Amino acid sequence: MWILDELKKRSDSDVTALIHRERDISFQELWKQSEIMAEYFKQHCQTKAPIVIYGNKDIEITVLMLAALKSGRAYVPLDITFPANRVETIMQDVENELLFNFSGETVNLPEECREIGKRELLSLLQGNPEGTIIPEQDYVQGEDNCYILFTSGSTGKPKGVQISKKNIVNFTSWFAKACELSADKQVVLNQVSYSFDVSVIPLYIYLAMGKTLFSIDKEMLDNTRLLFRYLKESHIAAWVSTPAFLEICSFDDSFDEKMLPELENIILAGEVLTKKLVSVLHKKFSGAKVINGYGPTEGTVLLSACEITEEMLANEKSLPIGMILDDGYYEIQDDKNHPVAVGESGELVVVSDSISKGYFKNPEQTAKAFFKAEDGRMGYRTGDLVFEENGLLYYITRKDTQIKLNGFRIELNDISSNLNLLDIVNNSVVLPVYKEGRVAYLTAFVVLNYKSELSDLKTGIAIKKELKEKIPSYMIPRKIVILEKFPMNINGKIDRKKLAEDYL
Amino acid sequence: MENLKELALDIMEAACETDEVREDLDLDLFEAGLIDSLAAVVVLVELEERTGIKLQPTDMEREDISTVNHFIDFLEKKVG
């Protein structure tokens, strides 16, 4: 299953492809507009460098993604939660010739890069009434990158995960079966930020199936009343999100099968799914199946998945993350990279055509996590500790200091590295605070370079404000604790355990 | 009124998990990064636990919990 093949079959269709608030676009227009922009890329770009898109959920973002694929280029989606500063850092690596900026933020452009705002884009889309036809040999092929997702990196610089057409086709061919909807059901939730790969499910599976994507933007997320007003009219049949977002919605009594009577599939991924949430969902949506997916961005959205049954809920274990995808093979390994005994826990290592070729222009980090298997396919050390029982995998925790907060993947050292760049900060440590078995928020401990005249609260707020210019808003610690000095352990390192005991 | 203020402070302290909310009642809690949409749900849970009054997320605007003083006004309307 490949999105451009499927959309081509629908290039004359009047069916709605995407809805965002009061605007929509048909499959026919989507095809035509992406042809126009692909032609524009061919004419205006000297290189095959990726196209960078800085925005949220505007319909035109999908036009640009498809246009990039048609012109043989990858796209780099950067959500508006990214500050301009981080966008600039990423663009230095990508060396893009075009930046499509929907964010309203001012971005300092490198010399060879041109910025196109929404207004200019809309007028470009008006042009070319004759219609161009981009030949299929121009499209991205097998090993070509389709998208590069920049994810939190422990050095403070984001890592770009390269995903090829081969990776996507492998993922969608496997997971599309779990996504099937009844023939009369049409609408699918498109809420997940494009810089997070769970958004690939609506885009590369459901849109390719000819379904209509119903887009939810950031403002709607911040305003439950507005969100519900749209959801009530949405006719959504498939829900794709993180557990955290669905949990917020589920807190409202009115959010149930009366609000979403057509809901059949609930696909959740991006963080640990709790039994509590699934029980609530089974009550609220008695006719819908709940699918739990697991996978790092490096393995193209999901490496395993399963439907959660009543039996699993009754079991005393946590919920399983399912079985590894069809073409994959895996091993659970100990610290010395040897397979563990059956039932023991260890790091999940997967070989599959879904595994990325590595991090963009970052051979060092690539070599640490990726390897080439004997059969020539790519393998990836996930850093996730799991165990297996009765043919199902169960997630335990991370091997390192990477965490998930509300579905967002964060390297704690990414935050402290950026904190340490601030003038006032001498050194910092960031720790997660757990509630009910998962990360509720982050606390940063900082030692200052000089004494601030402000209260600790105001100093903390000032630090957060400066930090917000460097890292995405979801990475900002809720609490800043200012210390005179860090407690040290016998090895002369900062004693994180003591910090957690004393303050968290 | 004084009781409502204490109630508002207790709830916000629990939701934001810091007594720093007591320092400045006009501080924008969203801007200060002390509260987010998930913590907003905690506000409602805390309110129910303390008063028995169950409100829905749709009963509350983001504005209503953006500062402690706004939250006191909100409680006056809903509880007081």
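Cut-off values and rules
Residues numbered from 1 in each chain as written. Chains lettered and ligands numbered in written order. Predicted model: local features only at pLDDT ≥ 70, side-chain atom pairs only at ≥ 80, totals over all residues. Helix = DSSP H or I, 4+ residues; strand = E, 2+ residues; numbered from the N terminus. Rg over C-alpha atoms; globule rule 2.2 N^0.38 Å. Buried ≥ 20, exposed ≤ 12 C-beta atoms within 10 Å, placed from the backbone. Contact = placed C-beta atoms within 7 Å. Expected span 1.5 Å × (residues − 1). Arc of directions from axis to C-beta. Pairing = 2+ DSSP bridges. Right-handed = clockwise from strand over helix to strand, strands pointing away. Axes fitted to C-alpha atoms, helices over the stretch in contact; angles between N-to-C directions. Nonpolar A, V, L, I, M, F, W, Y, C, P; charged D, E, K, R; others polar. Core = buried A, V, L, I, M, F, W, Y, C linked by C-beta atoms within 7 Å. Parallel < 35°, antiparallel > 145°, perpendicular 65-115°, else oblique. Left-handed = near helix turned anticlockwise from the far one by under 90°. Domains from an automatic or database assignment.

A few words now on the overall build of chain B. Along its length, chain B carries three helices and zero strands. What you see in chain B, going N to C, is helices and strands ordered as α-α-α. What you see for chain B is a C-alpha radius of gyration of 11 Å, in line with the 12 Å of a compact globule of 80 residues. Its C-alpha atoms put chain B at 30 × 25 × 20 Å along the principal axes. Out of the 80 residues belonging to chain B, those deemed buried represent 36%. In chain B, of all internal contacts separated by at least 6 residues, the share reaching a separation of at least 24 is 61%.

Along the backbone of chain A there are 16 helices and 25 strands. Restricting the contact set of chain A to residue pairs at least 6 apart, pairs at least 24 apart contribute 65%.

The subject of this paragraph is helix H15 (residues 456–467) of chain A. All names here are of chain A. Taking 1.5 Å of rise per residue, the twelve residues of H15 would be expected to cover 16 Å, and the 16 Å separating its terminal C-alpha atoms lies within 8% of that figure. Regarding H15, the residues found buried are Leu457, Gly460, Ile461, Ile463, Lys464 and Leu467. Down the axis of H15, the sector holding all buried residues measures 160 degrees, keeping them to one side. Looking at the buried residues of H15, the elements they touch are helix H14 (412–419), strand S23 (425–435), strand S24 (438–448) and strand S25 (479–483).

A separate point is the pairing of strand S3 (residues 51–55) of chain A. Residues and elements named next belong to chain A. Summarising burial for S3: five of the five residues are buried, a large majority. Where burial is concerned, the two faces of S3 agree: the one with Ile51, Ile53 and Gly55 and the one with Val52 and Tyr54 are both buried. The pairing of S3 with strand S4 (residues 75–79) spans five bridges and is parallel. Note on S4: the bridge partner recorded for Ile51 is Tyr75. The parallel pair S3 and S4 is bridged by helix H3 (residues 59–70), and the resulting crossover is right-handed. Across three bridges, S3 lies against strand S5 (residues 98–101) in parallel orientation. Looking at the pairing, Tyr54 lines up with Asn101 of S5.

Residue and element names in this part refer to chain A. Ordered in space as S2-S1-S10-S9-S11-S12-S13-S14-S15, the nine strands form an open sheet in which the pairing is mixed. Looking at strand neighbours, the two that pair on one side only are strand S2 (23–26) and strand S15 (323–324), the edges of this open sheet. Judged from the four bridges that link them, strand S1 (residues 16–20) and S2 form a sheet pairing that is antiparallel. Looking at the pairing, His20 lines up with Arg23 of S2. Against the sheet, helix H2 (residues 27–44) contacts S1 and S2, and its axis sits at roughly 80 degrees relative to S2.

This brings us to the interface of chain B and chain A. Every contact between the two is made by 13 residues of chain B and, on the other side, 20 residues of chain A. Looking at the side of chain B that touches chain A residue by residue, the classes come out as five nonpolar, five polar and three charged.

Residues and elements named next belong to chain A. Core analysis: the biggest nonpolar cluster contains 147 residues, and Ile53, Leu64, Val76, Val188 and Ile236 have the highest contact counts within it. Looking at which element gives the most residues to this core, the answer is H3, with eight residues. If sequence neighbours within four positions are ignored, Leu64 has contacts with Met37, Ile51, Ile53, Tyr75 and Phe100. Among the nonpolar cores identified, the runner-up in size contains 22 residues, and Phe408, Leu419, Val446 and Ile471 belong to it.

Residues and elements named next belong to chain A. Residues Tyr330 and Ile332 line the buried face of strand S16 (residues 329–333), whereas the alternating positions Tyr329, Glu331 and Gln333 sit on a face that is not buried. Pairing of S16 with strand S17 (residues 346–351), which is carried by five bridges, proceeds in the antiparallel orientation. In the strand pairing of S17, Glu331 is matched with Val349.

A word on the packing of H2(A) against H3(A). All names here are of chain A. Their axes nearest at 8 Å, the elements H2 and H3 cross at an angle of 55 degrees. One way to sum up the angle between H2 and H3 is to call them oblique. The interaxial crossing formed by H2 with H3 has right-handed handedness. Across the interface between the two elements, Leu30, Gln33, Ser34, Glu35, Met37, Ala38 and Phe41 of H2 pack against Thr62, Val63, Leu64, Leu66, Ala67, Ala68 and Lys70 of H3. Its residues assigned to classes, the contact of H2 with H3 comprises nine nonpolar, three polar and two charged.

Here the focus is the domain arrangement of chain A. Residues and elements named next belong to chain A. According to the domain assignment, chain A contains domain 1 (3–304), domain 2 (324–398) and domain 3 (404–503). Here the C-alpha centroids of domain 1 and domain 2 sit 27 Å apart. Counting residues at the interface gives 21 residues for domain 1, matched by 23 residues for domain 2. Of all the secondary structure elements, the ones that give two or more residues to the side of domain 1 that touches domain 2 are strand S8 (159–164) and helix H6 (165–179). Ranked by residue count, the leading element in the side of domain 1 that touches domain 2 is S8, at six residues. Here the residues of the side of domain 1 that touches domain 2 are counted per class, giving nine nonpolar, eight polar and four charged.

Residue and element names in this part refer to chain A. With respect to the secondary-structure elements, Ala367 resides in helix H13 (residues 363–369). Residue Ala367 is classed as exposed on the basis of its C-beta count, with 11 C-beta atoms lying within 10 Å. Between the alpha carbons of Ala367 and Tyr380 there is a distance of 9.9 Å; along the sequence they are 13 residues apart.

So, about the sheet that holds S24(A). Residue and element names in this part refer to chain A. Across the sheet, which stays open at both edges, the three strands sit in the order S23-S24-S25 with mixed pairing between neighbours. Each of the sheet's edge strands pairs with one partner strand only, and the pair in question is S23 and S25. On average, adjacent strands in this sheet sit at an angle of 25 degrees to one another, irrespective of strand direction. Both S24 and S25 contribute to a ladder of five bridges, which runs parallel. By the bridge assignment for S25, Val446 is matched with Ile482. Where helix H16 (residues 496–503) meets the sheet, its contacts fall on S23, S24 and S25, and the angle it forms with S23 comes to roughly 60 degrees.

Let's shift gears to the packing of helix H1 (residues 2–16) of chain B against helix H2 (residues 37–51) of chain B. All names here are of chain B. The N-to-C vectors of H1 and H2 enclose an angle of 135 degrees; their axes lie 9 Å apart at closest approach. Considering the angle they form, H1 stands oblique to H2. Between H1 and H2 the crossing geometry is right-handed. Across the interface between the two elements, Leu7, Asp10, Ile11, Ala14, Ala15 and Cys16 from H1 touch Ala39, Val42, Val43, Glu46, Leu47 and Arg50 from H2. Here the residues of the contact of H1 with H2 are counted per class, giving nine nonpolar, no polar and three charged.

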